[in-house]
Amino acid sequence: MVCSKGESRCFQMYTNDIRDQCISNPCLNNGDCQTESSGKSRCDCPYGFWGIYCEKEINRNLTDSTENGGHFTQQNVIETTHCYIREPCLIPISVTRNVHIVHVIEVGLVDITLEVQSIDFDPTANAGGIVSGIVKVVGHELGLKMICIDSFAQPKTSKIEDETCFKINVSLGHDLETIQSIPHFVDPTLPTSTILQCIVNQNCYVTLWTKNRFGVEKCPQLEVDKTIEEGVYIIPLRNTTHQPCVYNTVILVDNVTDFQLCFSLLHAEFFRKDRRCYIVRVLQKLRVKGSCTGRVCYNGGFCDGSLSVPRCRCRSGFSGEDCSLKLATFPPDYGQPRFIWPSPTNRTLFPCTPGQPCHVLLAVSKGYNDVNCPIIKDESRTDLPVHVLVSNFTKECRFDVRIESTSSDDQTTKMYCFKCPSDGIFAEMRCFKVFWGSIAFPSTNQEITTGPTTPTTTEKPEILSLQGRPYFLHFHQNENIVCIQYHMCNFSVYASTTFCRDIKGIENMPISEENVTISTSTKTVGMNVAKTGDVQFLPRQIGRRQICLKASDCTSFIQKCFYITVIKNNPCESSPCQHKGQCLALNAKTEFACSCRYGYTGKICETKTRPCSFSDTCFGGSTCVPVRSEPFFRCICPSGKTGVRCDVDDGYREHCDNSSICGNNAACHSVNQTMLCVCRLGYKGPTCSIEANDHLRSPTDTGAKFTDTALPKSVICYVAFPCPIPFTVTKNIFNKPSVALGYSDPSLHVTSLELQHTAPLGGVVHGLLEVVGNSPGSASICLQSFDKSWQVRIADEICFHVAVKNGSYYKQYSDVPHFVQPTFETDSLFECLVKDSCHFNLWAVNDIRENNCPVLKSEGIHNLNLFIMSPLNQTLSPCMYDVSLKADTPTNVTTCFYLEGDAGVKYDRRCYTVQASNLNKKGSCAGGLCYNGGHCDGHTSTKNCLCPLGFSGENCTTDHGIPQTVNQHAINNPLFGNMLVPKQVICPLKEKCNIQFLLSSRKVFNIDIKIDSSSIEIKEKEEERVSKDFLVTLTIVHKHTGSDQLCLNLTSGNHSLVADRFCCDIFTEETVTSNGDACVSDSVDDCKNPSALKFICSDPTTAEYCRKSCKLCDKQTKEETEQLFIPPSPTNTSAYSCSPGLECHMMLYLKRGYNNLCPEVSVIPSVGASVHVFNNSDCNVCSVDVLIKLSLSHPGQRLQQCLQATDYDFGSMERRCYFLENVQHTSP
């Protein structure tokens, strides 16, 4: 020890003979030697080598030719990475390989919105038995998307040796152009914010590709923000001039942890210029290994690892857990050619120039064993020449259909149909229309709508003028797109702009319920240069599905939503009916029924019969005579009957020979040599010359009645499917009627209600109500009519049940007649008046190759005069039939309608029950009045006016609400009104929180607030007049967690006597755990399902819990979890009470959407509470008045009621739930 005088500083010195063992560089294969503090040397091996001196290759044991090793290495083990939408994204991968055979790498499970364009490996980069490659992916939809890469043991086997699965976060933006004047990272370097995984105490590697500034061959200097002691080391480059420069970084950490790792490239002046930061998760076991590892799926089967247990998805014709079992018989249509995208859908309209040839592209898949293209057959029934040119590709065939125009003045529309294959019972028909003449696409410029619109019947709409913003040239109407479950669905949209040079792009919006991919191109549509978006997706869920698209130019964008209907494939596709019988799909079941030709019977028409042995072959007392040829019988009709089966009155004529006898296209019916007129809907009188509203000539007369039609009593609908319900209403000749929704069960979602804008025919106006049932069961709904839109008196009301059943609509074949919507579903029930003509309509389309309407017939008629009047316009599709019914006595009749084809084959069938009675039961609101914005509920036998906040009384004429308590000693004293009384208010910690209540008072009042000032702070008190009541909003701040009491005392004037009082608890949670169960059973994979994610993350409290516990509601879904309810709305899970028998109110306030539209508030059905929502929104505030009445059968019981707000602009959704008690409020 050596010490100096004065100030003492002592040092202890040791010496040791330590020799740097790295001087001799013992590391092989370009390993880097490092000297540790102990003096020992360590070799940091380059990627692909291992051992003390890096002398061993990773694949040194892989010499058996029966396996290739094919394991993904610990280089760039990705958990989540980042890509920009519709831009190629390069992702590096690496695998070990056998020294004898080539590796086999294929895409496994992949999100439908991810397009894997290539998987390329560099055969020269085979250092240490490792082969590096790049996966090129393009994401076509925003959000987290899953992709799995599989490594197979041999090219000729199906065993998955290894699988890695990771997520790609597809976001808006684009890669910035690299600045060549500074050092920079290049592809395939992983983008910043990528999450990587490593294993504890095992080397893992991060590889980065770099280039120096332009003109400098030397590699740039790479710096990392971690040290060797922290387990991170950059292996020095051996070749510092080869571009791009590839750096390998070794990570070796001895404990489970997460940390950020940042790399920077240094300029000559040592300024950091380019930087990449990653999150590294060090785990005991990698979580990116797919569940399909080690699984075998034979015969082209596909391993689906999205489930907890991997499952083989087998090709058609194979089955079993590993797809090794070959089915004894294949499906009848197995391997048959089919029309595929981009073939146009049926009834697509193409505008073509007269005098010039028109081209239409058809694409057809080849048969399973076919080398050449199939033959398609022209089934068109036109006289214009058609030429078909074929192009043979590997997997599909393209047919160029050239249609010649014979005249430059042609202004016609013609149908062209093609059959594929040209023969066989499983052929498919594809038909399209060609319009010869100029046509303009409609400009659908509305913003996002919340429901479907009525389809237009015109085929040549004019373009509307728009200035300074993009617009859609052509957009599908809601009913136009019907997709088949698990079959690829395609359609196109066109967008243009008036201000910028062109449209930048068309993209899917988060509100869409399907993951669609959009391929864009530029085309000339009419006189406009438009961006075409070819939309493609695979529908998996049946029912109504919403798709929303956004078109953007250089300054602005436009958004539009529409609905598609996903239906099941037709069970009749295999043509099970023999002897030319017609297969009928039963919507409510997964079965079919066969309509046999005369002479055949059996489930599939397999048995030949003697038609005359059946009593229903010939009707009306006719005689059946057997014959040898089809239909194997002949009916000899008695006097007064005619038709093949003697089922038509000889005196009935759909069109009268003498129009002077029966006018307005009426039918004629001869009874006992007396001519009677059968009037069409809208006309009446002996000669049908009087319009139905002819007597309504005074402006004071009541029109707008649901009369002359069969009133629905029970309508059949299917769960999750749009259900159109047609109706008609008479009108006063001076006034335009209006129709509004009355009572509606919360389980029904009303998507549209509107009257036709065409001129009324015969004094009646047709309308359409469309609902969607969310669950099976019977639900009530009412329609109310008004003489004028501004009137209060309800002219008429009908109420009926919607019977929602499990089932599905099926794909209909275009080459056979069939009923279409809005025809009522079979088994629906109707009501008519005795001795009055009662009408209802049916809609149908014919074989797509025919230009007229199919023949409609009926059967099963008893005690009922029924007349079918064919459509007046035989070329307008769909064809609308007018059926007239008349019963002379009260009766219940079931009658069936069908479309008849050749040899008596029945195409489609609908059966209805009609109840004829002396009095039609109308809704109890008919003729009633509810003032001051009140809503009439008429679904019960007694009319009930639901009054908005601040009004009460039988007709809502009293200008104040009903107090919570009746105090005979304080009639003029202030009382709490009929708003829900707070019991427990949930408040955030140290943030503003609101409490609202209503006061009813005829004189001056005082509000005395009793609180513990150390726990609760009063920030503000606002009073607002609502009629003669006062709406009071109290703003408080809760200073700590737990529960504290707040009491309100009402006094009158200067009196100290308390007239009314309530107390409530102010509660703040210590930790965010409320509603956590909502995501316990969910996984991160639910982020792939937008609908599930919206539900999980709809509540802010649940979203916060899920964000922390299971990473569901992360930052990528900010627009999904953004709050729609704003203060002073009651906070979620707060508790309130209402006096028994009283209707209590709650005010909810909402944030206005991007397009300045207010979110829609809907009621979640619950037991024990009836709820009605008044829309109070105005130009300044979005708000709703929620009226709640608790059932008297649940006294003192706490119920839960939820309401949901939806912003259709961006798909945001929030749900608020409240606890309600039916407790009598008493004053002091």
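Rules used throughout
Residue indices begin from 1 for each chain and proceed along its sequence in written order. Confidence filtering applies because this is a predicted model: local features only for residues at pLDDT of at least 70, side-chain atom pairs given and counted only at 80 or more, and all residues used for totals across whole chains, interfaces and linings. Only heavy atoms go into the side-chain values, all of them from the structure, while hydrogens and water stay out. Each residue is placed in one exposure class: buried if its accessible area under a 1.4 Å probe, protein chains only, is under 20% of its type's maximum, exposed if it is over 50%, and partly exposed if it falls in between. Elements are defined by DSSP. Helices are runs of H or I of four residues or more, strands are runs of E of two residues or more, and each kind is numbered from the N terminus. At least two bridges found by DSSP between two strands is the condition for calling them paired. When the centres of two rings from Phe, Tyr and Trp lie within 6.5 Å, Trp using its six-membered ring, the rings pair. Their planes under 30 degrees apart give stacked, over 60 give edge-to-face, and anything left gives tilted. Put simply, a disulfide is two cysteine sulfurs that come within 2.5 Å.

**Student:** For the pairing of strand E76 (residues 1042–1052), give the residues involved together with the corresponding values.
**Tutor:** When you tally the buried positions in E76, you get 8 out of 11 residues, the bulk of the element. One ladder, built from 6 bridges, connects strand E73 (residues 1005–1010) with E76; its direction is antiparallel. Each residue of the ladder has a partner; that of phenylalanine 1005, found in E76, is serine 1052. Where E76 lies against strand E77 (residues 1058–1068), 10 bridges are found, and the strand directions are antiparallel.

**Student:** Please set out the packing of aromatic side chains residue by residue, giving values where relevant.
**Tutor:** Across all of its chains, the model carries 15 aromatic pairs by this definition. With a centroid separation of 6.2 Å and 45° between ring planes, the pair formed by phenylalanine 897 and tyrosine 912 is classed as tilted. Here tyrosine 912 lies in strand E67 (residues 906–917) and phenylalanine 897 lies in strand E66 (residues 891–900), a separation of 15 residues in the sequence. The two residues phenylalanine 897 and tyrosine 912 agree in class, both being buried. Considering the side-chain rings of phenylalanine 1005 and phenylalanine 1030, the 5.1 Å spacing of their centres and the 65° angle between planes classify their relative orientation as edge-to-face. Of the two residues, phenylalanine 1005 sits in strand E73 while phenylalanine 1030 sits in strand E75 (residues 1029–1038), which places them 25 residues apart along the sequence. Assigned by exposure class, phenylalanine 1005 and phenylalanine 1030 land together as buried. Through a chain of ring-to-ring contacts, three or more aromatic side chains come together here, namely Phe824, Phe830, Phe840, Phe897 and Tyr912.

**Student:** How would you explain the state of the cysteines if you had to name every residue and give the values?
**Tutor:** One pass over the full model with this rule turns up 27 disulfides. With a sulfur-sulfur separation of 1.8 Å, cysteine 662 is cross-linked through a disulfide to cysteine 677. Measuring handedness by torsion sign, the sulfur bridge of cysteine 662 and cysteine 677 sits at about -85° and is left-handed. Highlighted residues: cysteine 662 in the loop between strand E48 (652–653) and strand E49 (667–671) and cysteine 677 in strand E50 (residues 674–678), separated in sequence by 15 residues. Residue cysteine 677 is classed as buried on the basis of its relative accessible area of 18%. With no disulfide partner, cysteine 420 has as its closest neighbouring cysteine sulfur the one in cysteine 397, 8.5 Å distant. For cysteine 1064, which is in no disulfide, the shortest distance to another cysteine sulfur is to cysteine 1047 and amounts to 7.6 Å.

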